Amino acid sequence: MGSDVSGNERHTPVMAEEVKRILIRDPDGVYIDGTIGGGGHAKVLLDKLTDKALYIGIDRDATAIEHCKKRFKNSTTTVELCKGNFSMMNEIAERMGVKGVDGVLLDLGVSSAQIDSPERGFSFSSDGPLDMRMDQDSGINATDLIKSLPERELADLIYEFGEERHSRKIASAIVNFQKKSPVETTSDLSSIVKRVIMGSMKTKSLARVFQALRIAVNEELSSLEKGLTIAVELLNKGGRIVVLSYHSLEDRIVKNQLRDMSKSRIEAPEMPTGYREQVKLLNLLTKKVIRPTESEIRSNPRSRSARLRAAEKV
Ligand SMILES: C[S@@+](CC[C@H](N)C(=O)[O-])C[C@H]1O[C@@H](n2cnc3c(N)ncnc32)[C@H](O)[C@@H]1O
């Protein structure tokens, strides 16, 4: 991705002040940024950390890691960067000799650099190969994923991950198209969707179909479920987790998982009463979800759908 460095710098971090206020309790602490991207949040958070702190940045996208290496090479706080999935953050931390952390940030979804690079295939507004992999070194791209699925499964995927009610019609049009040639570009896919969806709903349907494929290609929801559990395990007592999500499927997982971990439950229910212990992993810090202000949405329209949830390890 030739234009990546400038592209990454174009990413404006969402609700950065709120993230900083909630996440950083100990300026000398150890923090994991599981989705470092262009380093927008990292820059804001590092400004609050001392030279005793450690900031671990993870991203599946090699270009983001390369970019952040350059961006933070003169940081006074130690910044360790690792290409990987945040669902493996425990192994990444362990390799760095870290056993517990004071904060974890997950800013989900794609970065502006990824959306604005046609060659990554995330956007229906520009033409490029239908790739959609955040990690371009592994996994199956969107063209091959579509090719591998029977029509019924493709329709289910579009319905489940895109919440698109015309999923059957769209899947059938994709399968028909594939009888002649594979769906190789973002323009191929856009033209298929535009042909079957009439009127003003075209753009919404396009966004939903692209979202569905992106979620499936990157197995985003299973990474999130696993990542949340592992992040909470890794937190020190009093450590905090902050998650920014951008659509209802992600937010539902975050909301439910943080809520479940903040309920008291009985450890070892098979033991006699006297041996049982009531445990509670988290205290919710956001009983109500935090949304960006109108003025943030005006200056950064991509923040519009953001929802912030946070919790503290008990
Ligand atoms: C919204 S951007 C993050 C932007 C960043 N907070 C900033 O301010 O520049 C999301 C990033 O998370 C990465 N990502 C998404 N899912 C991931 C996962 N499961 N593991 C690691 N990185 C992931 C994407 O590659 C992308 O770079």
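Since this is a predicted model, take the numbers as computed values, not measurements.

Asker: How should the environment of V14 be read in this particular structure?
Answerer: Along the polypeptide, V14 turns up in the loop between α1 (4-9) and α2 (16-23). Between the C-alpha atoms of V14 and S222, which are 208 residues apart in sequence, the distance is 23 Å. Not counting the four nearest positions on each side in its chain, V14 is found in contact with V19, H41, L244, Y246, E296, N300, S303 and A306.

Asker: Explanation requested: the confidence of the model for the protein in the structure shown.
Answerer: Note that predicted coordinates carrying low pLDDT should not be read in detail. Per-residue pLDDT for the protein has a mean of 94; in total, 95% of the residues score no lower than 70. For the stretch residues 1-6, pLDDT sits under 50, and the model shows 13 contacts to residues farther than four places along the chain or on other chains.

Asker: Teacher, can you tell me more about the pairing of strand β5 (residues 235-245) here?
Answerer: Side-chain positions along a regular strand alternate between the two faces of the sheet. Taken across its 11 residues, β5 has 8 buried, putting it largely inside the fold. Note: β5 against strand β9 (residues 307-313), 6 bridges, orientation antiparallel. Bridge pairing links I241 to A311 in β9.

Asker: Any chance you could explain the site of the ligand here in plain terms?
Answerer: Lining the immediate surroundings of the ligand are 24 residues, of which G40, H41, D59, D107 and Q114 lie closest. In this structure, G39 approaches the ligand through a main-chain N or O atom, which is 3.2 Å from an oxygen atom. G40 places a polar main-chain atom, nitrogen or oxygen, 2.9 Å from an oxygen atom of the ligand. Bound to the protein, the ligand loses 98% of the 600 Å² it would expose on its own. Of the residues in the shell around the ligand, the class split is 6 nonpolar, 14 polar and 4 charged.

Asker: Is there a simple way to think about α2 in this case?
Answerer: At 3.6 residues per turn, the α-helix brings residues three or four places apart onto the same side. Most of α2 is tucked away: 6 of the 8 residues are buried. Turning to α2, its buried residues number three or more, namely A16, E18, V19, K20, I22 and L23. Tucked inside the fold, the buried residues of α2 contact β1 (30-33), α3 (40-46), β4 (101-107), β5 and β9.

Asker: Before we go on, may I ask you to explain the pattern of salt bridges in this structure?
Answerer: When the charged atoms of two side chains lie near each other, side chains of opposite charge can form a pair. For the structure on display, the rule yields 18 salt bridges. For K43, the salt bridge goes to D47, with nearest N and O atoms at 3.4 Å. In this structure K43 comes out as partly exposed when scored by relative accessible area, which is 36%. Its relative accessible area of 59% is what places D47 among the exposed residues. For D156, the salt bridge identified is with R168, shortest N-O distance 3.5 Å. Remark: R168 occurs in helix α9 (residues 167-178) and D156 occurs in helix α8 (residues 151-162); sequence separation between them is 12 residues.

Asker: Just checking my understanding: could you explain the domain arrangement of the protein for this structure?
Answerer: Where interface size is given, it is often the accessible area lost as the parts come together that is meant. For the protein, the assigned domains read domain 1 (4-113 + 220-313) and domain 2 (136-217). Between domain 1 and domain 2, the C-alpha centre-to-centre distance is 30 Å. On the domain 2 side, the residues contacting the 11 residues of domain 1 number 7 residues. For domain 1, the biggest contributors to the area lost against domain 2 are E220, H247 and L249; these three give 53% of the whole. Counting across the domain 1 and domain 2 interface gives 3 salt bridges. For the salt bridge of K83 with D137, the shortest nitrogen-to-oxygen distance reads 3.2 Å. The tally of links between domain 1 and domain 2 comes to 4 residue pairs in polar contact (both at pLDDT 80 or more). Looking at the side of domain 1 that touches domain 2, the elements that each hand over two or more residues are α12 (220-234) and α13 (248-261). Tallying contributions element by element places α13 first for the side of domain 1 that touches domain 2, with 4 residues.

Asker: What is the right way to read the nonpolar core from this model?
Answerer: Most often, soluble globular proteins keep nonpolar side chains buried together rather than apart. I32, M89, V104, L157, I174, L189 and I241 are the most contacted members of the largest nonpolar core, which has 66 residues in total. The element that contributes the greatest number of residues to this core is helix α11 (residues 202-217), accounting for 8 residues. The two domains that each donate at least three residues to this core are domain 1 (4-113 + 220-313) and domain 2 (136-217). Every residue in contact with L157, bar those within four places of it in the chain, is listed here: L145, L149, G162, A212, L213 and A216. Of all hydrophobic cores here, the second largest spans 26 residues; its members include L49, I65, L105 and L244.

Asker: I would appreciate a short explanation of the packing of α12 against α13 in the present structure.
Answerer: Two measures define how a pair of helices packs: the angle their axes make with one another and the distance between the axes. Axis separation between α12 and α13 bottoms out at 10 Å; the angle between their running directions is 25 degrees. The angle between α12 and α13 falls in the class roughly parallel. Remark: the crossing between α12 and α13 carries right-handed chirality. Between α12, through E220, L221, L224, E225, L228, T229 and V232, and α13, the contact on the second element is made entirely by L249, E250, I253, V254, Q257 and M261. Considered class by class, the residues forming the contact of α12 with α13 number 8 nonpolar, 2 polar and 3 charged.

Reading the values: the criteria
- For every chain, the first residue of the written sequence is number 1, and numbering continues from 1 onward in sequence order.
- In view of the model being predicted, local features appear only for residues whose pLDDT reaches at least 70, and side-chain atom pairs are presented and counted only at 80 or more, with totals across whole chains, interfaces and linings using the full set of residues.
- No hydrogens and no water enter the side-chain calculation; it runs on all heavy atoms of the structure.
- Put simply, DSSP marks the helices as runs of H or I at least four residues long and the strands as runs of E at least two long, and each gets a number from the N terminus on.
- Contacts between residues were defined by any pair of non-hydrogen atoms, one from each residue, lying within 4.5 Å.
- For every residue, the pLDDT score states the predictor's confidence, bounded by 0 at the bottom and 100 at the top.
- Only protein chains enter the accessibility calculation, which uses a 1.4 Å probe. A residue is then buried if its area is under 20% of the maximum for its type, exposed if over 50%, and partly exposed in between.
- In this description, strands pair whenever DSSP reports at least two bridges between them.
- The near set for a molecule or strand comprises every residue that places at least one heavy atom within 4 Å of it.
- Any pair of nitrogen or oxygen atoms within 3.5 Å is treated as a polar contact; in protein, a donor-acceptor pairing is required on top of that, and neighbouring residues in sequence qualify only through side-chain atoms on both sides.
- Note that accessible areas follow from Shrake-Rupley with a 1.4 Å probe, and for residues the cover is restricted to the protein chains shown.
- Lys, Arg, Asp and Glu make up the charged group, whereas Ala, Val, Leu, Ile, Met, Phe, Trp, Tyr, Cys and Pro make up the nonpolar group; the residues left over, Gly among them, are polar.
- We define a salt bridge as a contact between a side-chain nitrogen of Lys or Arg and a carboxyl oxygen of Asp or Glu at a distance within 4 Å.
- Each domain span listed reflects an automatic or database assignment of domains.
- By convention, the term buried area covers the 1.4 Å-probe accessible surface removed from two parts as they join, with the contributions of both added.
- Buried residues of nine kinds, namely Ala, Val, Leu, Ile, Met, Phe, Trp, Tyr and Cys, make up a nonpolar core once their side-chain atoms join them within 4.5 Å.
- All axes here are fitted lines through C-alpha atoms, helices being fitted over the stretch that makes contact, and every angle between N-to-C directions spans 0 to 180 degrees.
- Note on angle classes: values under 35 degrees are labelled roughly parallel, values over 145 roughly antiparallel, values of 65 to 115 roughly perpendicular, and the remainder oblique.
- Handedness of a helix crossing follows the sense of rotation of the near helix relative to the far helix, less than a right angle counterclockwise being left-handed and clockwise being right-handed.

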